[in-house]
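What the coordinates show
Each chain, written out:
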Amino acid sequence: MFEHIVLLKFKPDVSIKVKESAIKRAHDFKRNIPGIVELSAGINVTEEIEHTQEFTLGIRVTFENQQACREYIQHPLHQGLLQSIGPFVEGIVVMDYPFA
């Protein structure tokens, strides 16, 4: 299995509608992109605001293997989401790791 975690920092004036649309589109990946085992996405609601570094949206995708993650990165649905939210994002963190 292979985990892909993404944290997004949106620009301060970005509406909740834009964020919710990104979450909805991310959830569509599970049934439309091969190799995804599990996916969760949501808006950060932590009370530990001193640790957020202003990252407001998280996406976690579990893949069958690293190759499935590589294919997902290039998939048109994923690329379309990146293009649509790109102008609204001012920071991104990605972490990938294999696990048993």
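In what follows, the structure referred to is the one given above.
Just so you know, these numbers come straight off a predicted model, no measurement behind them.

Tallied over the full model, the rule gives three aromatic pairs. Measuring from centroid to centroid gives 5.6 Å for Phe29 and Tyr72, while their planes differ by 75 degrees, and the two rings are edge-to-face. Within this pair, whereas Phe29 is found in helix H1 (residues 16-32), its partner Tyr72 is found in helix H2 (residues 66-74), the two being separated by 43 residues in sequence. Each member of the pair, Phe29 as well as Tyr72, is classed as buried. Consider the rings of Phe63 and Tyr72, whose centres lie 5.0 Å apart with planes at 55 degrees: the pair is tilted. Just as Phe63 is buried, Tyr72 falls in that class too.

This next bit is on the nonpolar core. The nonpolar side chains of a soluble globular protein tend to be buried, and buried together. Counting residues in hydrophobic clusters, the biggest one holds 23 residues, and the most contacted among them are Phe29, Ile36 and Phe63. Secondary-structure elements contributing two or more residues to this core are strand E1 (2-10), H1, strand E2 (36-43), strand E3 (57-63), H2 and helix H3 (76-85). Not counting residues up to four positions away in its chain, the partners in contact with Ile36 are Phe29, Lys30, Val61, Thr62, Phe63 and Tyr72.

What counts as what
- Residues numbered from 1 in each chain as written.
- Predicted model: local features only at pLDDT ≥ 70, side-chain atom pairs only at ≥ 80, totals over all residues.
- Heavy atoms only, no water.
- Phe/Tyr/Trp six-rings, centres within 6.5 Å; stacked < 30°, edge-to-face > 60°.
- Helix = DSSP H or I, 4+ residues; strand = E, 2+ residues; numbered from the N terminus.
- Buried < 20%, exposed > 50% of the residue type's maximum accessible area, 1.4 Å probe, protein only.
- Core = buried A, V, L, I, M, F, W, Y, C linked by side-chain atoms within 4.5 Å.
- Contact = heavy atoms within 4.5 Å.

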